[in-house]
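Residue-level structure breakdown
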Amino acid sequence: MTDRFFEDFKVGDRFMSGGMTITEAAIIDFARQWDPQPFHTDPDFASKWTFGGLIASGLHTMAATLRLWLDLGIFRACSLGSPGIGEVQFPRPVRPGDTLRVVSDIVQLRPSASRPDRGIARLRQVTINQRGEQVMEQETTVFLKRRPAA
């Protein structure tokens, strides 16, 4: 893949990540460190709880989404980081054995008004499981380097 800069993207560009299968062990390991609630860490407890089984933490789903997006390398040459994400939704839980993919659409691009060396991209990211069901949706803003003058 060639290096891309702000000027190389357009509204409507869509990117699809590869897949990542979330194992029971990964769910428990992540949750033990970052979200130690029993429906994330204890399969027996979780089987009797609201979701009827172990589910991944939303933070785990967000981390997997970021990793899948970064593995695409789309913004490798031009990312200047993110000032934040918008509202995040989890329409259904991630369960052991689910394979996640991320569909990212560029929904807005604009040059920075205060920093001429960069632009601002807004992305809509939808994380889906192997059945194509949405497990997470978010909007993300990213600062992107503009192409250097020749």
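Residues numbered from 1 in each chain as written. Predicted model: local features only at pLDDT ≥ 70, side-chain atom pairs only at ≥ 80, totals over all residues. Heavy atoms only, no water.

1. Quick look at the overall build of the protein chain
Secondary structure summary: the protein chain contains 4 helices and 6 strands in total. Counting from the amino terminus, the protein chain carries its helices and strands in the arrangement β-β-α-α-α-α-β-β-β-β. Looking at the protein chain residue by residue over its 150 residues, the buried ones come to 39%. For the protein chain, long-range pairs separated by at least 24 residues make up 69% of all intrachain contacts whose partners lie at least 6 apart in sequence. If you sum the accessible surface of the protein chain, you get close to 8300 Å²; carbon and sulfur atoms cover 52% of it. For the protein chain, the distance from the average site of its 19 positive side-chain charges to the average site of its 17 negative ones is 6 Å. (Helix = DSSP H or I, 4+ residues; strand = E, 2+ residues; numbered from the N terminus. Buried < 20%, exposed > 50% of the residue type's maximum accessible area, 1.4 Å probe, protein only. Contact = heavy atoms within 4.5 Å. Areas by Shrake-Rupley, 256 points an atom, 1.4 Å probe, with all protein chains shown as cover. Lys, Arg positive; Asp, Glu negative; His and termini not counted. Charge placed at Lys NZ, Arg CZ, Asp CG, Glu CD.)

2. Observations concerning the layout of surface pockets
If you add up the space inside the largest pocket, you get close to 330 Å³. As for the largest pocket, its lining consists of 19 residues, and the residues nearest its centre are Leu-66, Trp-69, Leu-70, Thr-140 and Val-142. Residue contributions to the lining of the largest pocket peak at 5 residues, all from helix 4 (residues 58-72). Its residues assigned to classes, the lining of the largest pocket shows 11 nonpolar, 7 polar and 1 charged. (1 Å grid on protein atoms, 1.4 Å probe; cavity = no way out; pocket = protein on both sides within 12 Å on 5 of 7 lines; lining within 4 Å. Points joined across faces, edges and corners; volume = space filled by probe spheres on them. Nonpolar A, V, L, I, M, F, W, Y, C, P; charged D, E, K, R; others polar.)

3. Overview of the packing of aromatic side chains
Taken as a whole and judged by the stated rule, the model has 5 aromatic pairs. An angle of 80 degrees between the planes, with centres 5.2 Å apart, marks the rings of Trp-69 and Phe-75 as edge-to-face. Comparing Trp-69 with Phe-75 shows no difference in burial state: the two are buried. Of the aromatic side chains, those joined through ring pairs into one cluster are Phe-9, Phe-15, Trp-69 and Phe-75. (Phe/Tyr/Trp six-rings, centres within 6.5 Å; stacked < 30°, edge-to-face > 60°.)

4. Re the pattern of salt bridges
The tally for this structure, following the rule as stated, stands at 12 salt bridges. The shortest N-O distance in the salt bridge between Glu-7 and Arg-146 comes to 2.7 Å. Of the two residues, Glu-7 is situated in the segment before strand 1 (14-16) and Arg-146 in the segment after strand 6 (134-145); the sequence distance between them amounts to 139 residues. When the shortest N-O distance is used, the salt bridge between Glu-133 and Arg-92 registers 3.9 Å. (Salt bridge = Lys/Arg side-chain N within 4 Å of Asp/Glu carboxyl O.)

5. Concerning the pairing of strand 4 (residues 99-111)
Sheet analysis places strand 1 next to strand 4, joined by 3 bridges and oriented antiparallel. Opposite Met-16, over in strand 4, you have Val-103 as the bridge partner. Inspection of the sheet shows strand 2 (residues 20-21) paired to strand 4 by 2 bridges, in the antiparallel sense. Pairing of Thr-21 across the sheet is with Thr-99, part of strand 4. Hairpin connection between strand 4 and strand 5 (residues 118-128): a loop of 6 residues separates the two successive antiparallel strands. (Pairing = 2+ DSSP bridges.)

6. Section: helix 4
With 15 residues, helix 4 extends 22 Å between its outermost C-alpha atoms, agreeing within 8% with the 21 Å of an ideal straight helix rising 1.5 Å per residue. Among the residues making up helix 4, those that are buried are His-60, Thr-61, Ala-64, Thr-65, Leu-68 and Trp-69. Along its buried surface, helix 4 packs onto strand 1, strand 2, helix 1 (24-34), strand 4, strand 5 and strand 6. The backbone nitrogen of Leu-59 has a side-chain oxygen 3.1 Å away, supplied by the residue at the start of helix 4, namely Ser-57. Just downstream of helix 4 lies Gly-73, where phi reads positive at about 75 degrees. (Expected span 1.5 Å × (residues − 1). Polar contact = N/O pair within 3.5 Å; in protein donor to acceptor, adjacent residues only side chain to side chain.)

7. Comments concerning the side chain of Ser-17
Take Ser-17: it is sitting in the loop between strand 1 and strand 2. Of note is the side chain of Ser-17, whose polar atom sits 2.8 Å from the backbone nitrogen of Val-102. In contact with Ser-17, not counting residues within four places along its chain, are Leu-68, Leu-72, Arg-101 and Val-102.

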